[in-house]
Amino acid sequence: MDQLPAVLSNPTFTAFLRSEPLAVDLVNTRLFLEDSWVDLLDDRPTRQEWLIAEVGRLGVGGEDAVGFTDAAVDDLRPVRTHAAAAIDAVRHGAAPSARSLSGLNRALRAAPVVPQLHWDGHAVVAATTRRSGPLGPRLAAGFAHATLDLLTGSDISQVRRCEAPSCVMLFQARNARRRWCTPSICGNRTRVARYYRRHSSEG
Ligand SMILES: [Zn+2]
């Protein structure tokens with residue numbers, strides 16, 4: 001990617017990209033900005049920051065932060081495609097396609113969760129869960145699992161698309177009145193556009 005759109009260096013917007021349910025965040029890595037599609041997974045520095053932040057929430061092991069190679073990220077792309085299709089269908093009350101479900105299931109099977117026992121050296125036996133396999137499949141399985149959680153829970157009914165013209169960002173409207181991905185960016189943009197429309201039609 002030559003030049004990233006300016007909004008991607010806006011801290012409010014980058015915080016938004018890491019704040020929604022993980023499956024929504026993944027789908028939101030494909031953005032429509034300034035009249036063209038931008039894929040955050042194609043830009044190494046941007047995706048590195050995004051993945052480091054998200055991996056902490058995923059529980060696939062933050063010690064692998066240096067391993068976000070192109071190959072590992074490529075394992076994630078089909079999960080994003082299937083998550084986007086399934087979320088879009090289910091949030092509209094429609095059936096997800098067999099293709100998207102089998103794609104998500106394939107990712108889940110590729111790196112299953114393995115429960116592990118640990119002795120902390122003092123008094124506690126602790127149980128943790130780890131996914132087996134290389135980082136790429138673990139990342140993909142982690143996000144597929146996050147998609148499974150979203151699709152099978154009640155939160156999916158709150159997932160909406162931003163109302164700003166041409167914005168494709170999804171978010172979970174925990175507050176039923178939320179209309180924009182980022183009120184200070186998309187909300188303002190919408191208000192300004194409406195203002196100019198009103199005033200140009202008067203002139
Ligand atoms: Zn928006």
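Small disclaimer: the values here were computed from a predicted structure and weren't measured.

Here is what the cut-offs are and how they apply
Every chain is numbered independently, its residues counted from 1 as its sequence is written. Side-chain atom pairs in this predicted model are given and counted only at pLDDT of 80 or more, local residue features only at pLDDT of at least 70, and totals for whole chains, interfaces and linings cover all residues. Side-chain measures were taken over the full set of non-hydrogen atoms in the model, leaving aside hydrogen atoms and water. The numbering of helices and of strands both runs from the N terminus, where a helix is a DSSP run of H or I of at least 4 residues and a strand a run of E of at least 2. Summary of the burial criterion: residues with accessible area below 20% of their type's maximum are buried, those above 50% are exposed, and those between are partly exposed, where the area comes from a 1.4 Å probe applied to protein chains only. Note on charges: Lys and Arg go in the positive column, Asp and Glu in the negative column, and His and the chain ends are not counted at all. Every charge is mapped onto a representative atom, which is NZ of Lys, CZ of Arg, CG of Asp or CD of Glu. Each metal site is built from N, O and S donor atoms within 2.8 Å (3.2 Å for Na, K and Ca), and since water is not included, such sites may look incomplete. For four-coordinate sites, all angles between 85 and 135 degrees define a tetrahedron; for four- and six-coordinate sites, opposite donors beyond 155 degrees with the remaining angles between 65 and 115 define square planar and octahedral shapes respectively, and all other cases count as irregular. Here a pair means two rings of Phe, Tyr or Trp (six-membered ring of Trp) with centres within 6.5 Å. Their orientation is stacked below 30 degrees between planes, edge-to-face above 60, and tilted elsewhere. Think of it this way: DSSP has to see at least two bridges between two strands before they count as a pair. Excluding any residue in a salt bridge, patches collect residues exceeding 30% relative accessible area, merging like charges within 9 Å and nonpolar Val, Leu, Ile, Met, Phe, Trp and Tyr side chains within 5 Å. Areas reported here follow the Shrake-Rupley algorithm with a probe of radius 1.4 Å; residue values treat only the protein chains shown as occluding. Whenever Lys or Arg places a side-chain nitrogen within 4 Å of a carboxyl oxygen from Asp or Glu, that contact is recorded as a salt bridge. Identification of polar contacts relies on pairs of N or O atoms within 3.5 Å, with a donor-acceptor requirement for protein atoms, meaning one able to donate a hydrogen and the other able to accept it, and with residues adjacent in sequence counted only if both atoms are side-chain atoms. We call two residues in contact when some of their heavy atoms are within 4.5 Å.

Asker: Can you help me understand the overall build of the protein chain in this one?
Answerer: Within the protein chain one finds seven helices and six strands. Walking the protein chain from its N terminus toward its C terminus, one meets helices and strands in the order α-α-β-β-α-α-α-β-β-α-β-β-α. Overall size of the protein chain, expressed as C-alpha extent along the three principal axes, is 75 × 35 × 35 Å. When the 203 residues of the protein chain are sorted by exposure, 42% land in the buried category. In the protein chain, 25 side chains carry a positive charge and 21 a negative one; their mean positions are 7 Å apart.

Asker: Quick question: what am I supposed to make of the coordination of the zinc ion here?
Answerer: By definition of the ideal shapes, four donors in a tetrahedron about a metal sit 109.5 degrees apart, and six donors in an octahedron sit 90 or 180 degrees apart. Protein coordination of the zinc ion is provided by Cys162 (SG), Cys167 (SG), Cys181 (SG) and Cys186 (SG), with donor distances spanning 2.3 to 2.4 Å. In this structure, the zinc ion is surrounded by four donor atoms whose angles at the metal cover 103 to 116°, and the resulting shape is tetrahedral. Here the donor residues of the zinc ion share one chain and are spaced in sequence as C-x4-C-x13-C-x4-C. You'll find cysteine 162 and cysteine 167 in the same group, each marked buried.

Asker: Sorry, what's going on with the packing of aromatic side chains here?
Answerer: Any pair of aromatic rings gets described here by the distance separating the centres and the angle formed by the planes. Inspection of the entire model under this criterion finds four aromatic pairs. Relative to tryptophan 37, the ring of phenylalanine 32 lies with its centre 5.3 Å away and its plane at 65°, an arrangement referred to as edge-to-face. By relative accessible area, which is 47% here, tryptophan 37 ends up partly exposed. Plain terms: the ring middles of tryptophan 50 and phenylalanine 143 are 5.7 Å apart, the flat faces sit at 10° to each other, and that makes the pair stacked.

Asker: Which parts of the structure should I look at to understand the pairing of strand β1 (residues 30-33)?
Answerer: Here is the key point about a regular strand: its side chains alternate between the two faces of the sheet. Judged by which residues are buried, β1 turns out to be one-sided: Leu31 and Leu33 face inward and are buried, whereas Arg30 and Phe32, on the alternate face, are not. As judged from the four bridges shared by β1 and strand β2 (residues 36-39), these two strands associate in the antiparallel manner. Paired with phenylalanine 32 across the strands is tryptophan 37, a residue of β2. With antiparallel pairing between neighbouring strands as the criterion, β1 and β2 make up a hairpin whose turn holds two residues, including glutamate 34 at a positive phi of roughly 50°.

Asker: Sorry, what's going on with the pairing of strand β4 (residues 125-131) here?
Answerer: Examined bridge by bridge, strand β3 (residues 113-119) and β4 share seven bridges and lie antiparallel to one another. Bridge pairing links histidine 118 to alanine 126 in β4.

Asker: Honestly, a positive patch on the surface in this entry has me stumped. Any pointers?
Answerer: A contiguous patch of positive charge on the surface is contributed by Arg191, Arg194, Arg197 and Arg198. Counting through the fold element by element, arginine 198 comes out in helix α7 (residues 183-202).

Asker: How should a nonpolar patch on the surface be read in this particular structure?
Answerer: On the surface, Leu117, Trp119 and Val125 cluster together to form a nonpolar patch covering roughly 380 Å² of accessible area. Structurally, valine 125 can be placed in strand β4.

Asker: Please clarify how the side chain of glutamate 20 should be interpreted in this entry.
Answerer: One can find glutamate 20 in the loop between α1 (11-16) and α2 (22-27). One polar contact links glutamate 20 to arginine 178, side chain to side chain, over a distance of 3.1 Å. In contact with glutamate 20, not counting residues within four places along its chain, are Asp25, Arg57, Leu170, Phe171, Gln172 and Arg178.

Asker: How do you make sense of the pattern of salt bridges when you look at a structure like this?
Answerer: Close approach of charged atoms allows side chains of opposite charge to pair. Tallying each qualifying case throughout the model produces 12 salt bridges. The residue arginine 44 makes a salt bridge to aspartate 70 at a minimum N-O spacing of 2.6 Å. Taken together, the residues arginine 44 in helix α3 (residues 44-58) and aspartate 70 in helix α4 (residues 70-91) connect sequence positions 26 residues apart. Given a relative accessible area of 53%, arginine 44 falls into the exposed group.

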